[in-house]
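Now for the letters of each chain:
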Amino acid sequence: MIDFDNTEIAFRDKKNYDLKKARWLFSLVGSDVLVKTGSVLLQGALRMRLPVSWALKPTVFSHFCGGETIDECDPTIRQLGSSNVQTILDYSAEGKESEEDFEYTRQQIQATIDKAVDNKHIPYAVFKPSGLARVALLEKVQAGHSLTDNEQQEMDRVKTRFDHIISYGAKRGVPVMVDSEETWIQEVVDGMVDDLMLRYNKEKPIVFNTLQMYRHDRLSYLKETIDRCRREGVYPAFKLVRGAYMEKDRERARKESRPSPIYPDKEATDKAFDEATAICLANADEVAVCIATHNEISCLKAVDAITSSSLPADHPHISFAQLLGMSDHISYNLASAGYNVCKYVPYGPVKTVVPYLIRRAEENTSVAGQTSRELFLIRKELRRRKGA
Ligand SMILES: Cc1cc2nc3c(=O)[nH]c(=O)nc-3n(C[C@H](O)[C@H](O)[C@H](O)COP(=O)(O)OP(=O)(O)OC[C@H]3O[C@@H](n4cnc5c(N)ncnc54)[C@H](O)[C@@H]3O)c2cc1C
């Protein structure tokens, strides 16, 4: 039986000091006004090249990120690992545009693969496609516009970068997850990842595509990919998420007078997410799945399906994932019950991780006075310790 309200397990590696700091942080980000003002001021400070690290590093950054370098993440990896929670190192530099930056990102991802080989607490590597390619270029390719010779060469370099990373992961036995992005570049990414799956997933699942289940075309895409992989004799592998770019995707469709690619409501997204999970779990001997969510109900439904099909909790094709600093009650309770659980541990120079931090703060802003789930659980555990 999994009890996500068990805060003793959820926070067992956190000292009172850590919990009080987290309580302070979630109280601050709970204020919509504060988060909006803070984000604007922070972005302004970055544009003016004012120093921001001194304020961010000991607070928001240290809560949501592992460090500025791979080695700085070591204490976090050890701490999570001691509770059987695994790490996925996520190099989080965003908004890069130059070839030098993309090459640097590729090297970082390969360094996370090396780290995974040496560390039993790191089962996967991950990358974000826009860290390796110019978004405007991917957009142009997806729109079907013809490319100049230079652009064609640039696109060839993007494909080579993807291929280098996946072949490196395959050689070193480390599976790699490819994050999903906005709909207007995702088709190009899907094309590259589908191709890599056919080439590298012959012996075991090496490359995972990410499916955003808020998109109403993803269930059929999932089924088609499974069928194609079956025909080709390779392992299909997916990370399932609900999707992070709903507003942007809807707005863009509206501006272009196209139907929205997103389900009309949350219930439909929830249903699609759970159905995709059920399909993957029902085919777990051939389909690898990472159930990446902070949604308790989806996790419980997945646990039910695993139990009722008599699959082992630690089946090598099944894992759960949450983000560092969020939903420890899910990660630690699932890990304690023997499931494969990972935390995305973002790292990178403080300044480059700011967009990621702003997204986390916005996500944790509570609706009109309602206390966030995180804050509720932290307070509950502090009270329990006081009474114990
Ligand atoms: C380990 C991990 C990796 C991730 N990787 C990616 C990634 O590669 N790409 C990516 O895009 N996101 C990624 N995410 C973020 C993810 O897509 C979600 O934004 C986030 O996890 C919140 O969804 P949830 O399932 O945790 O929980 P919930 O709080 O139950 O769901 C919130 C989500 O539901 C959907 N939703 C909310 N309102 C509506 C509505 N009115 N209509 C339709 N849908 C709605 C949105 O997707 C929203 O984010 C990742 C998350 C995790 C934990």
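The structure under discussion appears in the preceding block.
All figures in this text were calculated on a predicted structure; none of them were measured in a lab. (Residues numbered from 1 in each chain as written. Predicted model: local features only at pLDDT ≥ 70, side-chain atom pairs only at ≥ 80, totals over all residues.)

Enquirer: Mind laying out the site of the ligand, listing which residues take part and the relevant values?
Expert: Taken together, 24 residues are adjacent to the ligand, and D179, V241, R242, A244 and H294 come closest. When residues of the shell around the ligand are assigned to their parent elements, the largest contribution, three residues, is made by strand β7 (residues 318–323). (Near = placed C-beta within 6 Å. Helix = DSSP H or I, 4+ residues; strand = E, 2+ residues; numbered from the N terminus.)

Enquirer: Describe the nonpolar core, with residues and values.
Expert: The nonpolar side chains of a soluble globular protein tend to be buried with one another. Among the nonpolar cores identified, the biggest contains 100 residues, and A125, I166, V176, V207, L240 and V289 are the most heavily contacted of them. Broken down by element, the residue count for this core peaks at eight residues, all from helix α9 (residues 183–200). Dropping the residues within four chain positions of it, L240 is found in contact with L211, M213, F273, A276, T277, V289, I291 and A292. (Core = buried A, V, L, I, M, F, W, Y, C linked by C-beta atoms within 7 Å. Buried ≥ 20, exposed ≤ 12 C-beta atoms within 10 Å, placed from the backbone. Contact = placed C-beta atoms within 7 Å.)

Enquirer: Tell me what's going on with the packing of helix α2 (residues 16–29) against helix α16 (residues 373–387), and back it up with residues and numbers.
Expert: Contact geometry for α2 and α16: axes closest at 9 Å, N-to-C directions at 150 degrees. One finds that α2 runs roughly antiparallel with respect to α16. Both α2 and α16 take part in a crossing whose hand is left-handed. Between α2 and α16, the residues in contact are N16, L19, A22, R23, F26 and S27 and E374, L375, I378, R379, E381, L382 and R385, respectively. Here the residues of the contact of α2 with α16 are counted per class, giving six nonpolar, two polar and five charged. (Axes fitted to C-alpha atoms, helices over the stretch in contact; angles between N-to-C directions. Parallel < 35°, antiparallel > 145°, perpendicular 65-115°, else oblique. Left-handed = near helix turned anticlockwise from the far one by under 90°. Nonpolar A, V, L, I, M, F, W, Y, C, P; charged D, E, K, R; others polar.)

Enquirer: Help me get a handle on the sheet that holds strand β5 (residues 237–241), residues and values and all.
Expert: Across the sheet, which stays open at both edges, the eight strands sit in the order β1-β8-β7-β6-β5-β4-β3-β2 with parallel pairing between neighbours. The open sheet has two edge strands, β1 (85–91) and β2 (125–127), and neither has a second partner. The sheet shows a mean angle of 30 degrees between the axes of neighbouring strands, direction not considered. Of the strand pairs in this sheet, strand β4 (residues 207–212) and β5 are connected by four bridges, and their pairing is parallel. Paired with L211 across the strands is L240, a residue of β5. (Pairing = 2+ DSSP bridges.)

Enquirer: With reference to specific residues and values, describe the environment of V241.
Expert: Within the secondary structure, V241 is located in strand β5. Separated by 31 residues in the primary sequence, V241 and T210 have C-alpha atoms spaced 7.0 Å apart. Filtering out sequence-adjacent residues up to four positions away, V241 remains in contact with S180, T210, Q212, M213, A292 and T293.

Enquirer: Outline the packing of helix α8 (residues 149–172) against α9, supporting the account with residue identities and numerical values.
Expert: In the contact formed by α8 and α9, the axes pass within 11 Å of each other and the chain directions differ by 35 degrees. In terms of crossing hand, the pair formed by α8 and α9 is right-handed. For the pair formed by α8 and α9, the contact residues are K159, F162, D163, I166, S167 and A170 on the first element and M192, L196 and Y200 on the second. Of the residues in the contact of α8 with α9, the class split is six nonpolar, one polar and two charged.

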